[in-house]
Amino acid sequence: MERIRPPTIVSQRKRQKGMYSPKLSCGYEIKFIKLVIFIMQRKMGMTRRTFLMELARSKGFRVESELSDSVTHIVAENNSYPEVLDWLKGQAVGDSSRFEILDISWLTACMEMGRPVDLEMKYRLVEQAEQYPTLKTPESEVSSFTASKVSQYSCQRKTTLNNYNKKFTDAFEIMAENYEFKENEIFCLEFLRAASVLKSLPFPVTSMKDIQGLPCMGDRVRDIIEEIIEEGESSRAKDVLNDERYKSFKQFTSVFGVGVKTSEKWFRMGLRTVEEVKANKTLKLSKMQRAGFLYYEDLVSCVSKEEADAVSLIVKNTVCTFLPDALVTITGGFRRGKKIGHDIDFLITNPGQREDDELLHKVVNLWKKGLLLYCDIIESTFVKEQIPSRHVDAMDHFQKCFAILKLYQARVDNSSYNMSKKCDMAEVKDWKAIRVDLVITPFEQYAYALLGWTGSRQFGRDLRRYATHERKMMLDNHALYDKRKRVFLKAGSEEEIFAHLGLDYVEPWERNA
Ligand code: CTP
Ligand code: MN
Ligand code: MN
């Protein structure tokens, strides 16, 4: 069995010795006495937190509901390191260094293994400069690296989830989001492209020398990199995080069905928080937004890989009752190897036959008997031989459905069902609302749809930009059109599309640009 090594925990344990030696937690025996976990509710929601606390306890972990002195490990979801520190400050915690601050993926891994797993770098939320020099990069990767060979297009780079430059890319993404809220597309893209370049580097940037010769490093970007290298953080990104408009837009757009335009309207009306919007009875909300508020807590807490697999079974079973030969594929972030996502994306196609326009309606109708919380079906607007749109972010023309499904948690983990009974927590709801996108595609367009819906969004943008500017071709989720030859290029696989574009193949897990 692996042990938890960091010295901070040992000293923490010594300090507690004799003070407190619990054997039981909420009726469960504590198997791992060395660590005391606290799960942050911020951005996770109460339902999910309760579920995770119970799950961890049932597996022999000691989980405290309060941030007591004995806590050694803090687990957060969708919170950056500065956000956790900020929150701790708010809890009047002076010295946060006594905690291990970990991402939810660590807890998920522990739950999978049924024991504490090592505190690997990937699980830690840390952004201090001194953490980075100790990071080991394989010699081969660094020595074969030449900055001037890095392409400006992310489809010519490999970008895994192993990001050595998170402290920079987090700052860029905050800047980009703020420009998005201001509808300044040019500045927004500038920061997204810069973030994407740094995500593909096989080493952490520690000096300005490291970015010499790299594409997409404009002055605004360089200023921020320089400040982070020198100060450990970016004052401009920090200003954004503290900006009232940004904070409100961030909250508003976290509601399903709410975009920048609606946020702008609410902000102008003087509304500032999600609670204020909820309390305002004069607002006219769309059906989508009403669902967004109704299931807000569940929807802002992310979807795990396990939940995605459980939903995938449901989708496959339902689709196959109507079309036994149908192909159902998970796309989006999960196909790129992400462990969490904001939704689950599915592509459905029927090999060999013409698509059935009624399939999506039949599937949804079946779910209406207890599984469906919301759905919005959009009919296909595809016209044969349609030349791909020039606009990079244009919606595609497939028949699709934006849905919210009810996922019973007993299906994810049977122990949670017994557990809630054991703990006598009758008020614990045994399901979670999950956002699901279903896309129906004709079989001959499947490869293009798969490439488009696998993303990342930035990777897709660059594929289209590359096709247009480097190949005089037009690409979208339906087809690739060669403008010089005036022909559509058929493809039965993603590999063929890359080949048509004269690009080396990039695996889905290398498309996290
Ligand atoms: N996409 C698309 N057309 C849409 C919506 C999405 O082509 N109308 C593509 C996006 O470019 C994206 C992918 O489908 O790359 C999945 O979209 P989304 O679910 O928004 O993003 P993910 O990468 O899956 O991220 P997350 O984990 O947050 O869901
Ligand atoms: Mn997704
Ligand atoms: Mn989606």
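As recorded by an unreviewed UniProt entry, the chain carries the name DNA nucleotidylexotransferase and is attributed to Meleagris gallopavo. Reading the Subcellular location (unreviewed entry) entry of the UniProt record for the chain gives the comment "Nucleus". Its UniProt record gives the chain the following Catalytic activity (unreviewed entry) comment, quoted word for word: "DNA(n) + a 2'-deoxyribonucleoside 5'-triphosphate = DNA(n+1) + diphosphate".

A.B. asks: Break down the coordination of the manganese ion (ligand 2) for me, with residues and values.
C.D. replies: Only Asp-343 (OD) and Asp-345 (OD) from the protein coordinate the manganese ion (ligand 2), and they sit 2.0 to 2.1 Å from it. The manganese ion (ligand 3) is placed at 3.6 Å from the manganese ion (ligand 2), the two being bridged by Asp-343. Note on Asp-343: relative accessible area 7%, which makes it buried.

A.B. asks: Describe in detail helix 11 (residues 260–268), supporting the description with residues and values.
C.D. replies: By the burial criterion, the buried members of helix 11 are Val-260, Thr-262, Ser-263, Glu-264, Trp-266 and Phe-267. Structurally, helix 11 contributes buried residues whose contacts are with helix 6 (166–181), helix 10 (244–253), helix 12 (274–279) and helix 13 (287–294). Gly-270 sits one or two positions beyond helix 11 and adopts a positive phi of about 95 degrees.

A.B. asks: Before we move on, could you go through the pattern of salt bridges and cite the residues and values that matter?
C.D. replies: Within the structure shown, the criterion is met by 27 salt bridges. Among the salt bridges present, the one from Glu-233 reaches Lys-238, with a minimum N-O distance of 2.8 Å. Residue classification places Lys-238 among the partly exposed positions, given a relative accessible area of 40%. One salt-bridge network, in which partners are shared between bridges, spans Arg-48, Glu-77, Glu-307 and Lys-432.

What counts and what doesn't
Residues numbered from 1 in each chain as written. Chains lettered and ligands numbered in written order. Predicted model: local features only at pLDDT ≥ 70, side-chain atom pairs only at ≥ 80, totals over all residues. Heavy atoms only, no water. UniProt positions renumbered as here; feature names shortened; annotations may be inferred. Donors = N, O, S within 2.8 Å, 3.2 Å for Na, K, Ca; no water. Buried < 20%, exposed > 50% of the residue type's maximum accessible area, 1.4 Å probe, protein only. Helix = DSSP H or I, 4+ residues; strand = E, 2+ residues; numbered from the N terminus. Contact = heavy atoms within 4.5 Å. Salt bridge = Lys/Arg side-chain N within 4 Å of Asp/Glu carboxyl O.

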